[in-house]
Amino acid sequence: MKPGYFSLVLHAHLPYVRHEEKHRLEERWVYEAISETYIPILWQVDRLQKPLHWTVSISPPVVEMLADPLVQDRYVEHLDEMLELIEIELAEGRSEQEVETLHFYRGRYNDLKTTFLHWEKNLNHAFRTYREQGFIDMVTCTATHGFNPHLFTEQAARAEIRTGLNCFERHYGFRPTGIWLPECAYTPGVDRILYEEGVRYTFVDEHALLDADPTPDKGIGAPVYSPHGVALFPRDQIISGKIWSSMIGYPGHPDYREFYRDLAYDRDWAYIEKFMHPEGIRFDTGLKMHRITGDSDEKDYYVRAWAEHQIDNHAFDFAQTLEGHLEAHGGQMFPPFLVTAPFDAELFGHWWFEGPEFLGKVAERLEEFGIETITPALFLERHFQDLETVHVSMNTWGRKGYGDVWINERNEWMLRHLHMMETQLVKDVADYRHKSPLVDRALIQLVRHYVLAVSSDWAFILDGQTTAQYAAERFREHTRLFAELETALYQDKLSDELLAEHYRAYPFLDDVDVDIDTFLSPHDYYVTEERGKEDEAILVLTPEYTGNVVGDLGRRVIDEVEARAADGETVYVLTPFKEGLPEYERHNRIHVYRVRLTSPFLEHVMNQVAAQNVAYVKLAHELVSKVPFKAIHQFDWMTITAARSLAKALQVPLYSTMLSFETTRNPHGHGGLFDAIHRIESSILAEADTVFICEQLSTEEVGMRYPIGDNVKTCLPLDASPYGQKRLKKNTK
């Protein structure tokens, strides 16, 4: 065996284009993918009958359309029409070269129909069977291919991921540990959601690792762990480019089938009309009689034998190139060098007609060359201890490597609608869930409308301006249906008939796939699901806490809070809101609220401190109706005003920890701000039940600058609770 591994990943995805009415042109996208990609790939898996270690990602829209009886029956009708057209063509006395190609198509379409009927019209059964036989591995994608860097809320990101996993598990009987993030789009934080949902690996483009912090020692020769422990497998662009690149790739060889020239455009309308759209629209039949030939518009006829010869040549060249690539990195150990090659599955067959056969030939050649293939799951099983952990910024495999395709002047208008729908769902779920089975079904249908709208395909199509009208109409329709149903919810006008009508329009996902609780914020979930009889709690006010730690103060607060929670205390922490961090999170007995200002931001520091204290007081008075606080503990001068006010209002002891004072921070200070802080600090020394000062400050030193009493103590060690020194008065509000 050669040193290193090769891992092939094929991602099958189409937008959900199933329509009840017949003759929608977009539904032909499914027929083309089945005929040119999905069945031809299955043919190769079946032909080789051995573990290939190919990883097939199949998105929920594809899974659902393959399982849909309406799509299945229409596909059989499509095959019959194609076979009828081929017979008519053969009866027309075409040239010898055309007849030869038509015979090839006749055999191929008969084979397609035989295979499709063998699997009882549901190709999910075929993929599932080959996976269970160990020939391939499978992962899934998010619910509708939503572009996660542009999702506004954590709830929406989680809903896309969880719903995709649920749908896949219902059809395939297992929950995959890997997932294809749409457009290979990674953004910091999505790894935490993936990990929490049981996902252990995904795929990124190579620049994600090359620009990571720190840059991994093995570059793109090995996956890395994200900060939350999800393995990121990087695309190797040198090897992948041999296949997809228009400049150096194989698919552009003159002997391969020409994609853009179709028989429909070479025949008179009167002749071909029967096989075209009833409204007189000419479209591709799928019978493409010519080969690429070259850059010229003049195309020669397709010669199947020549194409097969090139498949062999290119498979050999690919294996040889890969061999050289692996040998160049043969010294890499722990783990050995890995080449990951992820592709859109539809590249093989649809765009590159001979692609599936090329993959089958490559599998044979790699074995001859002694190159070991491996799935990401198996790689992690062998080498989970050998990976580095790095920070990866937002990135994609799209144009320019970031989000340029999915947000630009052609599609940016969609985002404001999507963000509004997300925030409305969070609100609607919190306000209405479990009011009745009918309301819960309505919430599920709202989620269904949202995920259908958030598909990255609409923005992608608008960017490319190919079928832009359809993409824009589909997006607007889902937002319209969302608004219509939400209005019925608000006006108490829901009915079984209305919900059935909405579902019939786009019967995507089973109700069991959609968990409306996904849209609950952690705080709402806690309030509605977990809050029981509350223990007496300590209310902590601090300007620094996890995610916003500047110096020793934040570290001391975190240690103090965690130590008290370990003692069995329930602790509520109020700290300033920070962008990128959740407004509420809970870790066992610790509740953290990051408090937003309720007033406009003002530049002067004292105005900011005052506004933050007002926000603390407002939230504390909301909490106190449900949480019995038995003490207040404040840190630093910036929280003194709110803490002092709350302790007085709630009639509970007030504790203060001061690691420094304005006069120790700034011994030669003077002026208005200095005096103001000095006055605030003096007040806590007079009014707190106990003031703990930093071990580095002596009571005598503080006493030289402030009036102090017996309530001033040196900070206790963390294993000693400050609250055990005094009997706490219970909050009676």
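By convention here, each chain's residues receive numbers from 1 onward along its written sequence. Predicted model: local features are reported for residues with pLDDT of at least 70 only, side-chain atom pairs are reported and counted for 80 or more only, and whole-chain, interface and lining totals are derived from all residues. The side-chain figures draw on all heavy atoms in the structure; neither hydrogens nor water molecules are used.

In the annotation of an unreviewed UniProt entry, the chain is listed under the name DUF1957 domain-containing protein and assigned to Exiguobacterium aurantiacum. If you open the UniProt record of the chain and go to Sequence similarities (unreviewed entry), you find "Belongs to the glycosyl hydrolase 57 family." UniProt positions are given in the numbering used here, feature names are shortened, and annotations may be inferred rather than shown by experiment.

What exactly am I supposed to notice about the nonpolar core here?
Nonpolar side chains in soluble globular proteins generally cluster together in the buried interior. We define a nonpolar core as any set of buried Ala, Val, Leu, Ile, Met, Phe, Trp, Tyr and Cys residues linked to one another through side-chain atoms lying within 4.5 Å. Each residue is assigned to one of three classes by its accessible area relative to the maximum for its type, calculated with a 1.4 Å probe on protein chains only: buried under 20%, partly exposed between the two thresholds, exposed over 50%. Membership of the largest hydrophobic core comes to 158 residues, with the highest contact counts inside it found for F6, Y38, W54, I58, F358 and Y450. Aside from chain neighbours lying at most four places away, what touches I58 is A12, V63, L66, N124, F127, M138, V139, T140, C141, F168 and Y172. Counting residues in hydrophobic clusters, the runner-up holds 43 residues, among them L623, F661, V691 and Y706. Between two residues, a contact is recorded if the distance between any of their heavy atoms is within 4.5 Å.

I keep staring at the side chain of K299 and nothing clicks. Help me out?
Tracing the sequence through the fold places K299 in the loop between α10 (269-272) and α11 (304-328). Side-chain atoms alone can form a polar contact between residues adjacent in sequence; in general such a contact is a pair of N or O atoms within 3.5 Å, and within protein one must be able to donate a hydrogen while the other accepts it. A polar side-chain atom of K299 sits 2.9 Å from the main-chain carbonyl oxygen of G294. Among residues more than four places away in sequence, those in contact with K299 are E258, R261, H290, R291, I292, T293 and G294. Strands here are runs of E lasting at least two residues and helices are runs of H or I lasting at least four, both read from the DSSP assignment and numbered beginning at the N terminus.

Just checking my understanding: could you explain the packing of helix α1 (residues 28-48) against helix α3 (residues 69-90) for this structure?
To characterise two packed helices, one gives the angle between the axes of the helices and the distance between these axes. Two elements in contact, α1 and α3, have axes whose closest approach is 10 Å; the angle formed by their N-to-C orientations is 75°. It follows that α1 is roughly perpendicular to α3 by the angle criterion. For the pair formed by α1 and α3, the contact residues are R28, V30, Y31, I34, S35 and I39 on the first element and V71, R74, Y75, H78 and L79 on the second. In the scheme used here, Gly and all other residues not listed as nonpolar or charged are polar, with Ala, Val, Leu, Ile, Met, Phe, Trp, Tyr, Cys and Pro taken as nonpolar and Asp, Glu, Lys and Arg as charged. Broken down by class, the residue content of the contact of α1 with α3 amounts to 7 nonpolar, 2 polar and 2 charged. Here, axes are lines fitted to C-alpha atoms. For helices the fit covers the stretch in contact, and angles between N-to-C directions go from 0 to 180 degrees. Any angle between 65 and 115 degrees counts as roughly perpendicular, while under 35 counts as roughly parallel, over 145 as roughly antiparallel, and the rest as oblique.

What exactly am I supposed to notice about the sheet that holds strand β7 (residues 231-234) here?
Each strand in a sheet pairs with another by means of backbone hydrogen bonds, the pair being arranged parallel or else antiparallel. Two strands make a pair as long as DSSP finds a minimum of two bridges between them. Spatial ordering of the open sheet is given by β5-β7-β6, a layout of 3 strands whose pairing is mixed. The open sheet has two free edges, formed respectively by β5 (201-204) and β6 (224-225), since each of these has just one partner strand. When β5 meets β7, the two strands line up parallel, connected through 4 bridges. Its bridge partner lying in β7, T202 is registered against L232.

What exactly am I supposed to notice about helix α17 (residues 468-490) here?
Note on helix geometry: an α-helix contains 3.6 residues per turn, so any two residues three or four positions apart are oriented the same way. For α17, spanning 23 residues, the distance from its first C-alpha to its last is 33 Å, which sits close to the expected 33 Å at 1.5 Å a residue. Once α17 finishes, D492 follows within two positions and takes phi at roughly 55°, a positive value. Working rule for helices: expected span equals 1.5 Å times residues minus one.

How do you make sense of the sheet that holds strand β17 (residues 712-714) when you look at a structure like this?
Across the sheet, 8 strands lie side by side as β12-β13-β11-β10-β14-β15-β16-β17; this open sheet has mixed pairing. With one partner strand each, in any of the chains shown, β12 (584-587) and β17 form the two edges of the open sheet. This sheet shows a mean twist of 20° between the axes of neighbouring strands, independent of strand direction. As paired elements, strand β14 (residues 629-635) and strand β15 (residues 654-658) share 4 bridges and run parallel to each other.

Is there a simple way to explain the environment of F147 in this structure?
Note that F147 resides in the loop between β3 (136-141) and α6 (154-172). The class of F147 is buried, set by a relative accessible area of 4%. Taking the C-alpha atoms as reference, F147 lies 9.3 Å from A459; in sequence the two are 312 residues apart. Ignoring anything within four residues of it in the chain, the contact list for F147 reads E183, A185, M394, T396, G403, W406, V454 and S456.

So what exactly am I meant to see when it comes to the pattern of salt bridges here?
Here the idea is simple: oppositely charged side chains can pair when their charged atoms come close. In what follows, salt bridge is the name for a side-chain nitrogen of Lys or Arg lying within 4 Å of a carboxyl oxygen of Asp or Glu. Summed over the entire model, instances satisfying the criterion amount to 63 salt bridges. Of the charged contacts in the structure, one is a salt bridge between K113 and D80, with a shortest N-O distance of 2.6 Å. Linking K113 in helix α4 (residues 96-118) with D80 in helix α3, this pair joins segments that are 33 residues apart in sequence. Judged by relative accessible area, K113 falls into the partly exposed class, the value being 23%. Overlapping salt bridges bring together E154, R158, R162, R192, E196, E197 and D515 as one network.

I keep staring at the UniProt feature "domain: 1,4-alpha-glucan branching enzyme C-terminal" (unreviewed entry) in the chain and nothing clicks. Help me out?
The positions that UniProt labels "domain: 1,4-alpha-glucan branching enzyme C-terminal" (unreviewed entry) are, in the present scheme, residues 417-514. In the segment residues 417-514, helix accounts for 77% and strand for 0%; the C-alpha atoms at its two ends are 21 Å apart.

Looking at this model, I keep getting lost on the packing of aromatic side chains. Mind explaining?
Here the distance between the centres and the angle between the planes together describe a pair of aromatic rings. Aromatic rings from Phe, Tyr and Trp, with only the six-membered ring used for Trp, were paired whenever their centres fell within 6.5 Å, and each pair was classed as stacked if the ring planes differed by under 30 degrees, edge-to-face if by over 60, and tilted otherwise. Scanning all chains against the criterion turns up 40 aromatic pairs. Ring centres of F104 and F353 lie 6.1 Å apart, and the angle between their planes is 85°; this geometry places the pair in the edge-to-face category. In this pair, F104 is assigned in helix α4 and F353 in the loop between β8 (338-344) and α12 (355-369), connecting sequence segments 249 residues apart. Summarising the burial analysis for this pair, F104 and F353 share the class buried. Aromatic side chains Y201 and F203 sit 6.1 Å apart centroid to centroid with 85° between the ring planes, which places their arrangement in the edge-to-face category. Working rule: Lys NZ or Arg CZ, within 6 Å of ring centre, within 35 degrees of ring normal, means a charge sits over the ring. Directly above the aromatic system of F353 lies the positively charged group of R257, at a separation of 3.8 Å from the ring centroid. If you follow R596 out to its NZ or CZ, it ends over the ring of F577, 3.8 Å from the centre.

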